[in-house]
Amino acid sequence: MFMPFTIANTVTFEEDIKKSRFQAIAAIVENEQQVKTFLEQNKDISTIHQCWAWKIGHHVRFNDDGEPSGTAGRPILATIEGNDLTNVIVLVNRWYGGIKLGTGGLVRAYGGCAGQCLLLAEKIELIEKKQIQFACLFNEWAIIQYELMQQQIEYQESYTEIGVLIQARVQVHQIEPLRHKLQDVTRGRELLKVIDEQEDDN
């Protein structure tokens, strides 16, 4: 079975090529909203080009941002795929230094800078996560909250008249132990539901 990898943290790499400065930033993204947020946070009007590519599962996008077609976004994407990575975006900023690089030079510069950046990143196995939800009474919440924190599970809680409604993203292997814990604490009253997120694979 093919295990996809992602990167453990955000990394940056900079180099000067024929007086142009190239800066690559690689970051983890889990959905298109995170892509948008990342690009907004890294918008830099001092650059002349902000070219990028991302891959999340089977979905890929890339952008040449005004560079000749195929010279920036595609080579960046090729380095992501060449490293067997997913859930990753790489943005390469360019500050022009007055010397034209030509199409071959641009492909090497963007692809090379992205590749060097990804070499700096620690690769980790991508662990599938699922969205779950369950409820419990107020007096049970402390025990369950402690369990979620012990397992470093991200969750959101909302309060109802009788208790707490919890939504969380958990790694697949955490679901069963959590299900048992919930049944234990609520004496079998509450059930843990896995919410299938419909992926649009069109």
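Per chain, the residues get numbers from 1 upward, laid out in the order the sequence is written. Totals for whole chains, interfaces and linings use all residues, but because this is a predicted model, local features are given only for residues with pLDDT of at least 70 and pairs of side-chain atoms are given and counted only at 80 or more. Values reported for side chains reflect all heavy atoms of the structure, with hydrogen atoms and water molecules removed beforehand.

*Asks:* Please give an account of the state of the cysteines that cites residues and values.
*Replies:* Our working definition of a disulfide is a cysteine sulfur pair at a distance within 2.5 Å. Overall, the coordinates contain zero disulfides when judged by the stated rule. The cysteine C113 is free of any disulfide, with C117 supplying the nearest cysteine sulfur at 6.9 Å. On the accessibility criterion, C113 (0% relative accessible area) is buried. Throughout, exposure labels follow a simple rule: accessible area from a 1.4 Å probe, protein chains only, divided by the maximum for the residue type, with under 20% read as buried, over 50% as exposed, and the rest as partly exposed. Accessibility expressed as a relative area gives 0% for C117, which makes it buried.

*Asks:* How would you summarise the sheet that holds strand β5 (residues 59–63) if you had to cite specific residues and measurements?
*Replies:* Sheets are built from strands paired through backbone hydrogen bonds, the pairs being either parallel or antiparallel. Two strands qualify as a pair provided DSSP detects at least 2 bridges between them. Only DSSP runs of H or I covering at least 4 residues are called helices, and only runs of E covering at least 2 are called strands; the numbering of each starts at the N terminus. Pairing is antiparallel in the open sheet, where five strands are placed in the order β2-β3-β6-β4-β5. Two strands lie at the open edges of the sheet, namely β2 (11–17) and β5, each paired on one side alone. If you compare each strand with its neighbour and ignore which way they point, the axes differ by 10° on average. Bridging between β2 and strand β3 (residues 20–28) involves seven bridges; their strand directions are antiparallel. By the bridge assignment for β3, T12 is matched with I25. The contact criterion used throughout is that any non-hydrogen atoms of two residues lie within 4.5 Å. Only the stretch in contact is used when a helix axis is fitted, and all axes are lines through C-alpha atoms; the angle between N-to-C directions ranges over 0 to 180 degrees. Packed on one face of the sheet, helix α2 (residues 73–82) meets β4 (49–56), β5 and β6 (88–95) and runs near 35° to β4. Across the face of the sheet, helix α3 (residues 102–120) comes into contact with β2, β3, β4 and β6 while running at roughly 145° to β2.

*Asks:* Before we move on, could you go through unusual backbone geometry and cite the residues and values that matter?
*Replies:* Residues other than glycine seldom take positive phi values, yet D65 does so here, at roughly 40°. Position of D65 among the secondary structure elements: in the loop between β5 and α2. Look at R187: it is not a glycine, yet its phi comes out positive at around 50°. Considering the arrangement of structural elements, one finds R187 in the loop between α5 (175–185) and β11 (193–195). Taking relative accessible area as the criterion, R187 reaches 78% and is therefore assigned exposed.

*Asks:* Lay out the pairing of β3 in plain terms, naming residues and giving numbers.
*Replies:* With seven of its nine residues buried, β3 lies for the most part within the structure. Between β2 and β3, which pair antiparallel in sequence order, lie two residues; one of them, K18, sits at a positive phi of approximately 45°. Bridge count for β3 against β6 is eight bridges, and the pairing is antiparallel. Across the sheet, the residue bridging to R21 is W95, located in β6.

*Asks:* Mind laying out the pattern of salt bridges, listing which residues take part and the relevant values?
*Replies:* One speaks of a salt bridge when a side-chain nitrogen belonging to Lys or Arg is within 4 Å of a carboxyl oxygen belonging to Asp or Glu. Tallied over the entire structure, the rule returns ten salt bridges. Here E30 ties to R169 by a salt bridge, and the two come within 3.7 Å at their closest N and O atoms. Of the two residues, E30 is situated in the loop between β3 and α1 (32–41) and R169 in strand β10 (residues 163–171); the sequence distance between them amounts to 139 residues. The partly exposed category is assigned to E30, whose relative accessible area is 34%. Taking relative accessible area as the criterion, R169 reaches 22% and is therefore assigned partly exposed. We note a salt bridge from R189 to E190, for which the minimum N-O separation is 3.3 Å. Its relative accessible area of 41% is what places R189 among the partly exposed residues.

*Asks:* Quick one: what's the story with the nonpolar core, residue by residue and with numbers?
*Replies:* To form a nonpolar core, buried Ala, Val, Leu, Ile, Met, Phe, Trp, Tyr and Cys residues must be joined to one another through side-chain atoms within 4.5 Å. Judged by nonpolar contacts, the single largest core of 25 residues is most densely connected at I76, V90, V92, Y110 and L118. If you list the elements that add at least two residues to this core, you get β2, β3, β4, α2, β6 and α3. Ignoring sequence-local partners within four residues, the contact set of I76 consists of C51, W52, A53, V90, V92, Y110 and A114. Counting residues in hydrophobic clusters, the runner-up holds 16 residues, among them I132, F134, C136 and V170.

*Asks:* Requested: an account of helix α4 (residues 138–150), with residues and values cited.
*Replies:* Taking 1.5 Å of rise per residue, 13 residues should cover 18 Å, and α4 covers 19 Å from first to last C-alpha, within 8% of that figure. Those residues of α4 lying buried are E140, W141, I144, E147 and L148. The secondary structure elements touched by the buried residues of α4 are β8 (129–137), β9 (154–159), β10 and α5. Following α4 by one or two positions, Q152 has its phi on the positive side, about 55°. Multiplying 1.5 Å by the helix residue count minus one yields the expected span of that helix.

Read these as geometric descriptors, not functional statements.
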